[in-house]
Amino acid sequence: LNMIGRQGKNLLELVNQLLEVAKVRSEIGDPEWRTGDIVAYTSMIVEDNRAYARQGQVDLCFTPSETIISMDFVPEYFRRIMDNLLRNAIKFTPRGGRVVVTMECVGSMLVTHVADTGCGIPKEKQKQVFERFEKLNEYAQGTGLGLSICKLTVDKWGGSIWIDPDYERGARFVVSHPL
């Protein structure tokens, strides 16, 4: 019964992710734009993921370049992106490792880095990880939808997301959004 319950929960999560992809792609509903402090909002998202990091004995840090960055953003979109990047970084970082989130304004763009000291992503897989159902290997947990949803969401926001190919201590995702 426990196994059936877990599998049902996994199936529900997969269906929800597929619906999320459909929602983002079809523009159902108008996004709720807000003007606010993205640093404070990001700090809240990082704090929400701190328990998961502690559970895996991973040090989680947030170091913005400024204490306040006011911008227009869609909270639902930004949370979806950051939660996915943080959970992946924590999941693929070994005990005693570190996940660091940095944020800075570069011209008219907000640039956020999520870097970890995990296993990294092979160069030949770096572009593929943003495709639906793509996994690093057959043993990787998850559905392979999270990063594709991130990419769809970032694209819809007018930004871009990529993996820093020169980062060698794990993986570093870079997300750039217009302020």
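Just above sits the structure.
Parameters at a glance
- Residues numbered from 1 in each chain as written.
- Predicted model: local features only at pLDDT ≥ 70, side-chain atom pairs only at ≥ 80, totals over all residues.
- Heavy atoms only, no water.
- Helix = DSSP H or I, 4+ residues; strand = E, 2+ residues; numbered from the N terminus.
- Buried < 20%, exposed > 50% of the residue type's maximum accessible area, 1.4 Å probe, protein only.
- Contact = heavy atoms within 4.5 Å.
- Phe/Tyr/Trp six-rings, centres within 6.5 Å; stacked < 30°, edge-to-face > 60°.
- Expected span 1.5 Å × (residues − 1).
- Bend = angle between axes of the 7 residues up to and from the residue.
- Pairing = 2+ DSSP bridges.
- Axes fitted to C-alpha atoms, helices over the stretch in contact; angles between N-to-C directions.

J.: What is the right way to read the environment of Leu-86 from this model?
T.: By the element assignment, Leu-86 lies in helix H3 (residues 75-91). Judged by relative accessible area, which is 0%, Leu-86 ranks as buried. Sequence spacing of Leu-86 and Arg-50 is 36 residues, and the spatial spacing of their C-alpha atoms is 9.6 Å. In this view, Leu-86 contacts Ile-45, Val-46, Asn-49, Leu-60, Val-99, Val-101 and Val-114; residues no more than four positions away in its chain are not counted.

J.: Just to check I follow, could you spell out the packing of aromatic side chains for this structure?
T.: Two aromatic rings are characterised by how far apart their centres lie and by the angle between their planes. Going through the model one piece at a time under the given rule, you end up with six aromatic pairs. Ring centres of Phe-73 and Phe-78 lie 6.4 Å apart, and the angle between their planes is 65°; on these two criteria the pair is classed as edge-to-face. The exposure classification of Phe-73 matches that of Phe-78, with both residues buried. Between the aromatic rings of Phe-130 and Phe-173, the centroid separation amounts to 6.1 Å while the plane-to-plane angle is 85°, which identifies the pairing as edge-to-face. Of this pair, Phe-130 sits in the loop between strand E5 (109-116) and helix H4 (146-156) while Phe-173 sits in strand E7 (residues 172-178), placing them 43 residues apart in sequence. Given the relative accessible area of 12%, Phe-130 is considered buried. Given the relative accessible area of 8%, Phe-173 is considered buried. Ring-pair connections join several aromatic residues into one group, and the members of that group are Trp-33, Tyr-41, Phe-73, Phe-78 and Trp-157.

J.: How do you make sense of the environment of Met-44 when you look at a structure like this?
T.: Here Met-44 shows up in helix H2 (residues 38-55). In this structure, the C-alpha to C-alpha distance between Met-44 and Arg-79, residues 35 residues apart in sequence, is 9.7 Å.

J.: I would appreciate a short explanation of H2 in the present structure.
T.: Since the α-helix advances by 3.6 residues per turn, residues separated by three or four positions end up pointing in the same direction. Spanning 18 residues, H2 covers 26 Å between terminal C-alpha atoms, matching the ideal 26 Å at 1.5 Å per step. When the local axis directions of H2 are compared, the greatest deviation, roughly 35°, occurs at Asn-49. For H2, every residue scored as buried is listed here: Ile-38, Val-39, Tyr-41, Thr-42, Ile-45, Val-46, Asn-49 and Ala-53. On the buried face of H2, the contacting elements are strand E1 (34-37), strand E2 (59-64), strand E3 (70-73), H3, strand E4 (98-106) and E5. In the stretch just after H2, Gln-57 is the one whose phi turns positive, near 55°.

J.: Explain the sheet that holds E2 here, please?
T.: Think of a sheet as strands paired side by side through backbone hydrogen bonds, with each pair either parallel or antiparallel. If you trace the five strands from one edge of the open sheet to the other, you get E2-E4-E5-E7-E6, paired in mixed fashion. Of all the strands in the sheet, the pair left with one neighbour each is E2 and strand E6 (160-163). On average, each strand axis in the sheet is inclined to that of its neighbour by 15°, with strand direction left out of account. Sheet topology places E4 next to E5; eight bridges connect them, and they run antiparallel. Its bridge partner being in E5, Val-100 is matched across the sheet by Ala-115.

Geometry only, nothing functional implied.
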